[in-house]
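What follows is each chain in one-letter form.
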Amino acid sequence: MAKTILITGATAGFGQAMARRFAAEGWNLVITGRRAQRLEELKAALSPAKVHTVNFDVRDREACAKAIEDLPAEFAAIDVLVNNAGLALGLEPAQACDLDDWETMIDTNIKGLTFMTRAVLPGMVERNAGHVVNLGSVAGNYPYPGGNCYGGTKAFVNHFSKNLRADLLGTGVRVTNIEPGLCETEFSVVRFKGDKAAADKVYEGTRPITADDIAECVFWTTNLPAHVNINSLEVMPVQQAFAPFAIARD
Ligand code: NDP
Ligand code: 8X3
């Protein structure tokens with residue numbers, strides 16, 4: 001029987017690439033996002049895969065619950081939930097950040113992810129099978145200037161993922177936190193609020209990871225034998241590494 005994957009934020013970037021990857025392997029898909037037209041275009045592009053679209057904002061707690069409650073029977077048993085919807089806004093130092101941006105990141109990256117997880121988990125536990133894949137980030141593992149709240153939200157995702165594993169011990173439900181580094185998607189256009197030139201500069205002269213690369217990581221992680229759990233997977237381009245500690249001098 002075909003398996004079912006629910007991907008939040010499938011209208012762009014990683015989510016869209018994952019939808020294509022899993023559809024090509026014969027999975028049934030539930031794809032979500034706020035841009036309804038893109039969802040419908042993707043659904044058409046994925047034909048003949050079985051696809052159910054749900055158009056909602058993950059910051060809306062009721063909408064998250066309803067999206068799961070209202071799933072048609074053939075999509076109701078979710079094998080894999082990918083909590084992918086998320087964003088960074090701004091790169092200013094903390095003292096200069098827009099508090100609305102911080103709130104949006106917290107509401108989306110933390111609250112949205114927990115709303116979806118809480119809605120899907122009971123069914124997985126009841127079926128004694130399932131896999132929650134969260135999109136964390138290297139920004140949750142290492143600080144960088146301007147990472148402030150975004151990195152904080154991804155550190156939450158990292159630790160929440162591990163705490164889920166603690167609670168799910170004894171069930172067949174798996175949890176993985178995917179922690180990508182520099183990847184070219186719509187991420188930087190969103191971070192710089194539509195400033196495409198600023199976004200392009202982030203990837204200029206280097207070779208970032210692609211959305212397809214991350215889709216491949218998620219596909220591998222979720223298709224390992226059922227007794228294997230990848231707790232976290234940190235993935236960087238070869239052309240990205242670490243900088244020394246910064247020191248202010250008088
Ligand atoms: P994109 O901007 O390309 O895609 C983000 C997706 O999230 C879109 O489909 C968007 O859909 C959806 N989304 C955003 N906000 C909401 C919301 N409130 N409700 C529902 N859906 C929402 O970014 P990426 O594909 O790069 O990012 C995907 C995830 O990966 C994010 O969590 C991001 O933090 C993380 N990540 C990205 C990295 C990168 O460098 N690209 C590196 C590490 C992690 P719509 O606008 O239609 O709602
Ligand atoms: C995205 C990676 O380094 O831009 O999560 O924060 S980074």
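Heads up: the structure comes first, above all this text.
(A) Structural view of the overall build of the protein chain. Assigned secondary structure in the protein chain consists of eight helices and seven strands. Expected size for 250 residues packed as a compact globule is a radius of gyration near 18 Å; at 18 Å, the protein chain falls within 12% of this value. Along the longest, intermediate and shortest principal axes, the C-alpha atoms of the protein chain span 65 × 40 × 35 Å. For the protein chain, the proportion of its 250 residues judged to be buried stands at 47%. The contacts in the protein chain between residues at least 6 apart in sequence include a share of 68% that link residues at least 24 apart. As displayed, the protein chain has an accessible area near 12,800 Å², and 54% of this comes from carbon and sulfur atoms.

(B) Quick peek at empty space enclosed by the protein. For the structure shown, the criterion picks out one cavity of 30 Å³ or more. When its volume is computed, the largest cavity comes out at roughly 40 Å³. T8, V58, N83, N84, A85, T108, G112 and L113 are the residues that line the largest cavity. When residues in the lining of the largest cavity are grouped by element, the largest group, three residues, is from helix α4 (residues 99-127). Looking at the lining of the largest cavity residue by residue, the class counts come to three nonpolar, five polar and no charged.

(C) Structural context of the packing of helix α3 (residues 61-69) against α4. The interhelical angle for the contact between α3 and α4, taken along N-to-C directions, is 30°, at an axis separation of 9 Å. Classified by the angle between their axes, α3 and α4 sit roughly parallel to one another. The two elements α3 and α4 cross, and the hand of that crossing is right-handed. Residue-level inspection shows R61, C64, A65 and I68 of α3 in contact with α4, the latter providing F115, M116, A119 and V120. In terms of residue class, the contact of α3 with α4 is made up of seven nonpolar, no polar and one charged.

Calculation criteria
- Residues numbered from 1 in each chain as written.
- Chains lettered and ligands numbered in written order.
- Predicted model: local features only at pLDDT ≥ 70, side-chain atom pairs only at ≥ 80, totals over all residues.
- Heavy atoms only, no water.
- Helix = DSSP H or I, 4+ residues; strand = E, 2+ residues; numbered from the N terminus.
- Rg over C-alpha atoms; globule rule 2.2 N^0.38 Å.
- Buried < 20%, exposed > 50% of the residue type's maximum accessible area, 1.4 Å probe, protein only.
- Contact = heavy atoms within 4.5 Å.
- Areas by Shrake-Rupley, 256 points an atom, 1.4 Å probe, with all protein chains shown as cover.
- 1 Å grid on protein atoms, 1.4 Å probe; cavity = no way out; pocket = protein on both sides within 12 Å on 5 of 7 lines; lining within 4 Å.
- Points joined across faces, edges and corners; volume = space filled by probe spheres on them.
- Nonpolar A, V, L, I, M, F, W, Y, C, P; charged D, E, K, R; others polar.
- Axes fitted to C-alpha atoms, helices over the stretch in contact; angles between N-to-C directions.
- Parallel < 35°, antiparallel > 145°, perpendicular 65-115°, else oblique.
- Left-handed = near helix turned anticlockwise from the far one by under 90°.

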